[in-house]
Amino acid sequence: MKKFLVPIVCILSLLFFTACSENETNASEKAISIATRAVNVADQYLDGTLDGETAYDLIDGYYDDMSYVDSMSQNTDEERKQHTADFCIQIDVSSLASDVLGDRIYGDSESYNNVIESRNNLAEDAGLEKR
């Protein structure tokens, strides 16, 4: 009987964790749009189709585009949730820019992996696919 239950428990656990990892976000459409562009630039950089200087400049510009977060209204629970989500994306974009810059300077596997990690953190917070 135990041999029968173990596979069922494993399958149910897998389904549970898959459902819990659905990419949902409270972020605004603007934040998601900026995150999507930053993730695309990071992917091009990681694939070697975009140089580090251009990638950094673009991502740093996206960070500047997130300046609206500082003045977002936070009067209701929904507005606070959206502000928090947008703020997280803003921080993720800043981290991604810093890691691209670091990879340009150091150019080693650790700095490259930091770019991937920052890219994936941004994607996760924006409800996008990880790499």
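What comes next concerns the included structure.

Let's talk about the overall build of the chain
Here is step 1: Counting its regular elements, the chain contains 5 helices and 0 strands.
Here is step 2: Put simply, the chain runs from its N terminus to its C terminus through helices and strands in the order α-α-α-α-α.
Here is step 3: Every one of the 131 residues in the chain was classed for burial, and the buried ones make up 33%.
Here is step 4: Pairs at least 24 residues apart make up 63% of the contacts formed inside the chain by residues separated by at least 6 positions.

Some details on the nonpolar core
Here is step 1: In terms of nonpolar packing, the biggest core is built from 30 residues, with Ile89, Leu96 and Leu122 touching the most fellow members.
Here is step 2: Those elements giving two or more residues to this core turn out to be α2 (29–47), α3 (52–65), α4 (77–106) and α5 (109–126).
Here is step 3: Here this core takes 10 residues from α2, the largest share from any one element.
Here is step 4: Among all residues touching Leu122, those that are not within four sequence positions of it are Ala35, Ala38, Val39, Ile89, Asp92, Val93 and Leu96.

So, α2
Here is step 1: For α2, with 19 residues, the first-to-last C-alpha span of 27 Å sits near the 27 Å given by 1.5 Å per residue.
Here is step 2: Of the residues making up α2, those classed as buried are Ala31, Ile32, Ile34, Ala35, Ala38, Val39, Val41, Ala42, Asp43, Tyr45 and Leu46.
Here is step 3: Buried residues along α2 sit against α3, α4 and α5.

What about the pattern of salt bridges?
Here is step 1: Evaluation of the coordinates by the stated rule reveals 5 salt bridges.
Here is step 2: The partner of Asp47 in a salt bridge is Arg131, with the nearest N and O atoms 2.5 Å apart. Of this pair, Asp47 sits in helix α2 while Arg131 sits in the segment after α5, placing them 84 residues apart in sequence.
Here is step 3: Take Arg131: its relative accessible area is 43%, and that puts it in the partly exposed class.
Here is step 4: One salt bridge connects Asp77 with Arg80, and the closest N-O pair in it is separated by 2.5 Å. With Asp77 and Arg80 both in helix α4 and 3 residues apart, this pair spans about one turn of that helix.
Here is step 5: Here Arg80 falls in the partly exposed class, since its relative accessible area comes to 35%.

Side note on the side chain of Gln90
Here is step 1: Positionally, Gln90 belongs in helix α4.
Here is step 2: A relative accessible area of 4% means that Gln90 is categorised as buried.
Here is step 3: Among the polar contacts listed, one links the side chain of Gln90 to the backbone oxygen of Met66, at a separation of 3.3 Å.
Here is step 4: Apart from residues lying up to four places away in sequence, Gln90 is in contact with Tyr63, Met66, Ser67, Val69 and Asp70.

Concerning α4
Along an α-helix, residues three or four positions apart point the same way, because every turn accommodates 3.6 residues.
Here is step 1: For α4, built from 30 residues, the straight-helix expectation of 44 Å at 1.5 Å per residue is met to within 8% by its first-to-last C-alpha distance of 43 Å.
Here is step 2: Taken residue by residue, α4 has His83, Ala85, Asp86, Ile89, Gln90, Asp92, Val93, Leu96, Ala97, Val100, Gly102 and Asp103 as its buried positions.
Here is step 3: Lining the buried residues of α4 we find α2, α3 and α5.
Here is step 4: Two residues or fewer after α4 comes Gly107, characterised by a positive phi angle close to 60°.

The rules behind these values
Residues numbered from 1 in each chain as written. Predicted model: local features only at pLDDT ≥ 70, side-chain atom pairs only at ≥ 80, totals over all residues. Heavy atoms only, no water. Helix = DSSP H or I, 4+ residues; strand = E, 2+ residues; numbered from the N terminus. Buried < 20%, exposed > 50% of the residue type's maximum accessible area, 1.4 Å probe, protein only. Contact = heavy atoms within 4.5 Å. Core = buried A, V, L, I, M, F, W, Y, C linked by side-chain atoms within 4.5 Å. Expected span 1.5 Å × (residues − 1). Salt bridge = Lys/Arg side-chain N within 4 Å of Asp/Glu carboxyl O. Polar contact = N/O pair within 3.5 Å; in protein donor to acceptor, adjacent residues only side chain to side chain.

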